[in-house]
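Structure assessment
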Amino acid sequence: MVTGENGTRRQWWSAVADWRNWRLPVKLAAVLAVPVLVAVGAGLVQIRSYIKAADQYSGMQRLVTLRAGLDPLITSVQAERAFSAERTEGQGVDLSRFRDIVRATDTAAAGVKNLVERARLGEVAGARFRDVTVQLDGLPQLRDRVISGGVDLAGGIGGYSVVLRALLDFDQAMVGDFGESTLSGTATALHNLAMAAEQMSWQHATVLAGISRGSLLDNEKTALEQSWTRQQDKLADFNAVATPQQQADYRATVAGQDVDARNSLLQQVRSDPGSITDRVAVAAWNDGSVGAQRQIGIVLRGLEKQLADAAERLQDETSDRAGFASVILLASLFAAAAVGFVVGNYLLRSLRALRVAALDVAEHRLPTLVAQLKEDAAPDTSVEPVPVHTREELGQVARAFDAVHRQAVASAAEQADLRTAMRSAFVNLSRRSQGLVERQLKLMEELERQEENPEQLANLFKLDNLATRMRRNNENLMVLSGSDMARRFTRPVPLADVLRAAASEIEQYQRVVVQATPQVEVVGYAAGDLVRLVAELLDNATNFSPPRTQVIAGGRARAGGGVFVDVLDVGVGMSEEDLEQANRKIAQAAADEAGELPVSRQLGLYVVGRLAGRHGMQVMLREQGEGVRAVVALPQELVRAASAPEPRRVTASEQTFAGHVAVTSARSVARPSTPPSGTALPTRTPASPNGTPLPTRTPTPPNGTKLPTRTPTPPNGTPLPTRTPGPVPAANSAPPPTRTPTPPGGTPLPTGAAPGGARNPSTWFTGKPVPPGPAEPARQRPNDVPVQAEVPAAENSTALPKRRPRTNLVADRPEAPEPGAPVRRDPNATRGFLASYQTGIRQGVRESGDHRTGREST
């Protein structure tokens, strides 16, 4: 289980490892930090080496100081040895003089021990110093024996020689601690010269012992020769490692009367050891030996001073180098930081300017320009260059971005021009086609008025419906092109009329059931677009549902104001993914009214979205049982409560217009189809050839009772004239007489004919009262599909509204049967005609009042 600390550490490491996504200042800092860190590391290593060397040179100085302190100790021990050799064999030495020499030796030994504590000795030198300490600790016993005479002359000399050998071994070990060649050469020369001086001191003591004894022992003679040989070897070694200056200093210093006298006496003793008693005087030997040793001591101290000066010089030089390297390193760091800051600041400032300009172009300037071009405005297409005016890579990138910006602006302008040209072409073609469709509709209206054959009239109605759908398609194209419609309502329209008008715009209008709606009106400027919107939804619902089912259209009040318009079908339905995609297309089209023309097979959704977006409507598709429910939410500002119109007299032209609406509604309900009884549709017979008027035949049901009539009542409460159909003869009754048209010759026409052979309008539209009768109850069509429980009850499921023509039609539907042919009418078909007539009258009277909104402005 990963703890919070481990998770934070892993997240931090992931961010560090993802170096490609570091911010540019961090990348520049990393690029500059790598060489700086390398330089700092190398500089620190070099400085540390200098400091270490200086520390080593300081240790060498302490070794030189220790060597300088060791020289008095060696000299004092040599003096003790020479003084002990002057005594008589078996006797002690002069105590007063000996104690002075011993005191000097002890003082020098204590000084050496103090210097060793401050010096850093190597492993070998440390071991040799421990030997020196042991020998120095045993020196008092040797002194006591010398004072008491308990040791012979040769033994005393041997004892002191052991101590001196330990001191010289320690001196040789210290030479190995001088790692520097400059110091090690001088230290080696110093040690060789000290060894030569030790041989001279041993020779001094041995000859004094021979003088005190009166002769040299055999081993002393051999040792004397060996000592002379070692002395010459050490002097040769000194000359081998010493510098010419040091050799010259030695030759100039170790010379003179004392040195010559000593060498002469030593050669005499070597050549004739027996002459030591009568030819070698003690005073002359002492003076020559002490003088020669004193001169060698001068050379030794000179070498020690040179060694100390060299160590101090090397330490100072190394310290100076360390300081100089530190200064150079700091100066390099400051220079690198300054150069990195200046160059990095320039790069960051240039990149920041480039980034700000690019983001401003991408997020503000270019979208604003494109939006202005979409709105057909005249924006400023000039390109402001990026404020980076250098000729290096960043400047080249800035110029390249300016070129891209200019090309993008030019492309956007070209696209806007092309879009405007295409939109204008679509609008032009749509308006041309719209004009042709309007002319076609007028022509079909003329043909409908003049046609008396029901079958031909039905075909004309089909053509009328096709032309209406073509007009809607043209208007949809104008909607997709972003243009306004030519057809607009000037006054508020009842919501029910909007739904009926939408149903009349589709092909399968017979399947649409318009249910009861709230008593509200839609404002005139939005009514036309709402008709087209609902028509698209109804068309989609009828196309994607079984042909024997109904499509329900209704309205309901909306909480907080406004109205919901529902379109419900019982069809194949849509999956959740398809519903989501369709709703997204509608929302996108509503949000982008002036956007690009959509490239899709579902253009109706874009039409619905754009029409809804114009007026702030909301359209939502959702699953409803086995079908789909489309909900259109109208905001409160688009609807208002319907006001009752003031009662007034209906004019003849309005009655005629209402009659045409009734006939149209009847035709939409009772298109040429065979009645249930299999009899032909009822037809009217023209006047007889002799000009006598034919009696009017009133259909009577088979049982001989009168058919009940429905008395339509307009919204203002004024009763409309009713028409009572006559009894329908039985199936076996004789055919009624027929009317004969008026012969030509100027004889007045009978009441049933009009001049020129035209028929008079029906009494339905003359305004004359008709004896009232009982109203006929509403009937339901056999092919109606039951409505689901949540949809409101239908207001009128038997008649759908038709397009309102611009001219009046005659009320009767003339036919052309053969003269004298019997007329057979089906009572069910007649009842359907009468119900449709009454519906048309009610609608016409309602629209003839103050709320007449049926006419459209073109």
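Residues numbered from 1 in each chain as written. Predicted model: local features only at pLDDT ≥ 70, side-chain atom pairs only at ≥ 80, totals over all residues. Heavy atoms only, no water.

1. Points about the overall build of the chain
Of the regular secondary structure elements, the chain holds 18 helices and nine strands. Counting over 858 residues, the chain shows a buried share of 44%. Expressed as a percentage of contacts within the chain between residues at least 6 apart in sequence, the contacts between residues at least 24 apart total 80%. When the accessible surface of the chain is summed, it comes to about 43,800 Å², and 56% of that surface belongs to carbon and sulfur atoms. (Helix = DSSP H or I, 4+ residues; strand = E, 2+ residues; numbered from the N terminus. Buried < 20%, exposed > 50% of the residue type's maximum accessible area, 1.4 Å probe, protein only. Contact = heavy atoms within 4.5 Å. Areas by Shrake-Rupley, 256 points an atom, 1.4 Å probe, with all protein chains shown as cover.)

2. Description of helix 14 (residues 524-543)
Given a rise of 1.5 Å per residue, 20 residues ought to cover 28 Å, and the 29 Å separating the end C-alpha atoms of helix 14 matches this to within 8%. Within helix 14, 17 of the 20 residues are buried, which leaves it mostly tucked inside the rest of the structure. (Expected span 1.5 Å × (residues − 1).)

3. Digging into the environment of V134
Along the chain, the position of V134 falls in helix 4 (residues 123-148). Once the C-alpha coordinates of V134 and V163 are considered, the two residues, 29 residues apart in sequence, prove to be 9.0 Å apart.

4. So, a negative patch on the surface
Judged by side-chain charge, E576, E577, D578, E580 and E623 come together as a negatively charged surface patch. By residue number, the principal contributor to the negative patch is helix 15 (residues 576-591), which donates four residues. With respect to the secondary-structure elements, D578 resides in helix 15. You can call D578 partly exposed: its relative accessible area is 37%. (Patch = residues over 30% accessible without salt bridge, like charges linked within 9 Å, V, L, I, M, F, W, Y side chains within 5 Å. Salt bridge = Lys/Arg side-chain N within 4 Å of Asp/Glu carboxyl O. Lys, Arg positive; Asp, Glu negative; His and termini not counted. Charge placed at Lys NZ, Arg CZ, Asp CG, Glu CD.)

5. Brief notes about the pairing of strand 7 (residues 627-634)
Counting buried residues in strand 7 gives eight out of eight residues, a clear majority hidden from the surface. Across the two faces of strand 7 the burial is the same, with G627, R629, V631 and A633 and V628, A630, V632 and L634 all buried. Pairing of strand 5 (residues 563-569) with strand 7, which is carried by seven bridges, proceeds in the antiparallel orientation. Considered in strand 7, the bridge of D569 is made with V628. As paired elements, strand 6 (residues 618-624) and strand 7 share seven bridges and run antiparallel to each other. When the sheet's bridge partners are listed, L621 is paired in strand 7 with A630. Linking two consecutive strands that pair antiparallel, namely strand 6 and strand 7, is a turn of two residues; a positive phi of about 65° is found at G625 within it. (Pairing = 2+ DSSP bridges.)

6. Structural notes on a nonpolar patch on the surface
Together, V339, F341, V342 and V343 make up an exposed nonpolar region whose accessible area comes to about 400 Å². Assignment of secondary structure puts V342 in helix 10 (residues 282-374).

7. Quick word on a positive patch on the surface
A cluster of basic residues, R23, R349, R352 and R355, forms a positive patch on the protein surface. When you line up the elements, R349 lands in helix 10. For R349, a relative accessible area of 44% puts it in the partly exposed group.

8. Section: the pattern of salt bridges
Under the definition given, this model contains 21 salt bridges. Salt-bridge contacts for D529 lead to R614; the nearest nitrogen and oxygen are separated by 3.9 Å. Here R614 lies in helix 16 (residues 603-615) and D529 lies in helix 14, a separation of 85 residues in the sequence. We classify R614 as partly exposed; its relative accessible area is 22%. One salt bridge connects D566 with R556, and the closest N-O pair in it is separated by 2.4 Å. One end of the pair, D566, is in strand 5; the other, R556, is in strand 4 (residues 551-557), and ten residues separate them in sequence. When its relative accessible area of 31% is taken as the criterion, R556 is described as partly exposed. One connected set of salt bridges, linked through shared partners, spans R67, D171 and E304.

9. Some words on the packing of helix 6 (residues 181-213) against helix 10
The interhelical angle for the contact between helix 6 and helix 10, taken along N-to-C directions, is 165°, at an axis separation of 10 Å. Classified by the angle between their axes, helix 6 and helix 10 sit roughly antiparallel to one another. Taken as a pair, helix 6 and helix 10 cross one another with a handedness that is left-handed. (Axes fitted to C-alpha atoms, helices over the stretch in contact; angles between N-to-C directions. Parallel < 35°, antiparallel > 145°, perpendicular 65-115°, else oblique. Left-handed = near helix turned anticlockwise from the far one by under 90°.)

10. Looking at the confidence of the model for the chain
Low pLDDT marks regions whose predicted coordinates should not be analysed in detail. Model confidence for the chain is summarised by a mean pLDDT of 74, while 71% of its residues fall at 70 or above. Predicted confidence is poor over residues 648-803, with pLDDT under 50, and the contacts of this stretch with residues over four places away or in other chains come to 312 contacts. Confidence drops under pLDDT 50 across residues 805-821; counting only partners more than four residues distant or on other chains, this segment forms 49 contacts. (pLDDT = per-residue confidence, 0-100.)

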